[in-house]
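Here is what each chain is made of, one letter per residue.
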Amino acid sequence: MPPRSSLVYQACRYFSELATLYGYLPIETPIFEHTQVFERSVGEATEIVGKQMYTFEDRGGESLTLRPEGTAGVVRAFVQHSLFMTEQLPWRVFYVEDMFRYERPQAGRYRQFKQLGVEAIGGKGPQLDVEQIELCLRFLEGIGVGDLEVRVNSVGDESCRPAYIRELRGFLERTEVAASLCGECRERAERNPLRVFDCKRASCKAVVAEAPRMLDRLCDGCREHLELVASGLEAVGVGYTIDHTLVRGLDYYTRTAFEVVCGSLDAAQNAVAGGGRYDGLVELMGGPPTPGVGFAVGLERALLAAEAAGGIETSARSRSSGKAPGSPEAGGVPRFDPTVPVPDTVVVPLETTVARASISSCLGLASALRASGMVAFVADGGRSLKAQLRSADRLGARVVAIVGEAEVSAGAVTLKSLGRDRESERDQVTVPMEQAVDRVREMLRASGEGLRE
Ligand code: HAM
């Protein structure tokens, strides 16, 4: 068995390679931030802010906190540097960073641990959620973690959640219900009622089994989003369970919330990854209304799970065996290539009467392109074809794949070369979906720049 530091190194490199295929570039955030950054984003009523932060005063009397998670710092940077003005949105970034939480240390739960995370800020389409869940699962499977279950829920948004929270609180405060709750949950009922779903005590579980469910109270927009995420996951072959009790321990989530749990880990810390949408967070942090979505894998937990299943998978090892330029000797975290990944292909769904089929077929195609080593992702959608082509061009994409109504009914895709010469700009073909990957490869070769390594 290679030393642990070498496993960390290999897993981090594998994660960065995968994240690049999905169009994410590396970012580093500060180890500490002003305490407010976490209080506002993660939420004052959460366990993380209430009990787990390492907070201290600096010499100037300012309150600082060691980062307990990665999303807040990324969003703070996005707002502080006005990246909504300068970056092509969605802005896709990934990070491999240490996090700090004051917890009772045990196997799989540490006070300092590594998260491998991604954030996509500025995209509202369900395709982003699906691509991230797929990336998360492919990474875990790629390092050899078995017995995985993807749990998905919708926690609603500002138009349906407040009424639901009032209803839930009313239910939890009924005398006969409150009497069966543990002391902690009685307190949660007041401060943060959704967290009651997280309690592991049998008596509380029995109570919440009778509670009103967010899933039954979703507004049309949230319901449709969840349905599109579900059909997208099916399109890319990711099995999932809808779990209406999944609420996550951070307050910023809206709509999609998900977790990946591993059956071979102790139930108290079997979540190897978690994430979801945070469509209100950028605005909460002082930016313009901008949706976002992300997830983080707990690296130590993931490696424990991979070891339980027989060691880190060779697929990750072989792909990541080389030494990255400037990277430390087999150990710690490699230094990642900071260049923005240029997409080989941007796959564009069109707002049509068959939107769901269009998104699913785009997701399936992007997934197949990545599986054969090409950088590809589905555009956020919701804009005119012209605007989407312009945006793909600005990103430097070489091929755009379009799936509109005609293509959906024909089981086809239109491929358009965005080559820099006039000849290739006229190059547009419609081909059956099963031939698309080969045709894209040919178009990339013909574009003169060839296939990337
Ligand atoms: P989280 O669920 O708090 O989400 O953490 C993500 C993962 O970090 C967990 O699933 C777990 O594997 C790992 N983890 C958490 N605490 C510990 C610990 N004390 N020791 C070892 N591993 C741990 C977040 O942090 C969100 N920022 C994820 C996200 C990104 N959501 C949107 N974007």
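Not measured: the values here are computed from a predicted model.

Asks: How should the packing of aromatic side chains be read in this particular structure?
Replies: Within a pair of aromatic rings, the relevant descriptors are the distance that separates the centres and the angle that separates the planes. Within this structure, the stated rule accounts for twelve aromatic pairs. Between phenylalanine 32 and phenylalanine 56 the ring centres are 6.2 Å apart and the planes differ by 75°, which places this aromatic pair in the edge-to-face class. Placement of phenylalanine 32 in strand β2 (residues 32-34) and of phenylalanine 56 in strand β3 (residues 55-57) is noted, with a sequence separation of 24 residues between them. For phenylalanine 56, a relative accessible area of 35% corresponds to the partly exposed category. An aromatic cluster is defined as three or more aromatic residues linked by ring pairs; in this entry it consists of Tyr14, Phe15, Phe94, Phe139, Phe258, Phe295 and Phe336. Its end group placed over the ring of phenylalanine 377, arginine 92 keeps NZ or CZ at 3.8 Å from the ring centre.

Asks: Help me out: how do you make sense of the pattern of salt bridges in this one?
Replies: A side chain with one charge can pair with a side chain of the opposite charge if their charged atoms come near. Going through the model one piece at a time under the given rule, you end up with 25 salt bridges. Taking the shortest distance from any N to any O, the salt bridge between arginine 76 and glutamate 33 comes out at 2.7 Å. Separated by 43 residues along the polypeptide, arginine 76 in helix α4 (residues 71-80) and glutamate 33 in strand β2 bring together distant segments of the chain. Glutamate 33 shares its class with arginine 76; the two are buried. Here glutamate 47 makes a salt bridge to arginine 188, at a shortest N to O gap of 3.8 Å. Here arginine 188 lies in helix α9 (residues 183-191) and glutamate 47 lies in helix α3 (residues 47-52), a separation of 141 residues in the sequence.

Cut-offs and rules
- Residues numbered from 1 in each chain as written.
- Predicted model: local features only at pLDDT ≥ 70, side-chain atom pairs only at ≥ 80, totals over all residues.
- Heavy atoms only, no water.
- Phe/Tyr/Trp six-rings, centres within 6.5 Å; stacked < 30°, edge-to-face > 60°.
- Helix = DSSP H or I, 4+ residues; strand = E, 2+ residues; numbered from the N terminus.
- Buried < 20%, exposed > 50% of the residue type's maximum accessible area, 1.4 Å probe, protein only.
- Lys NZ or Arg CZ within 6 Å of the ring centre and 35° of its normal.
- Salt bridge = Lys/Arg side-chain N within 4 Å of Asp/Glu carboxyl O.

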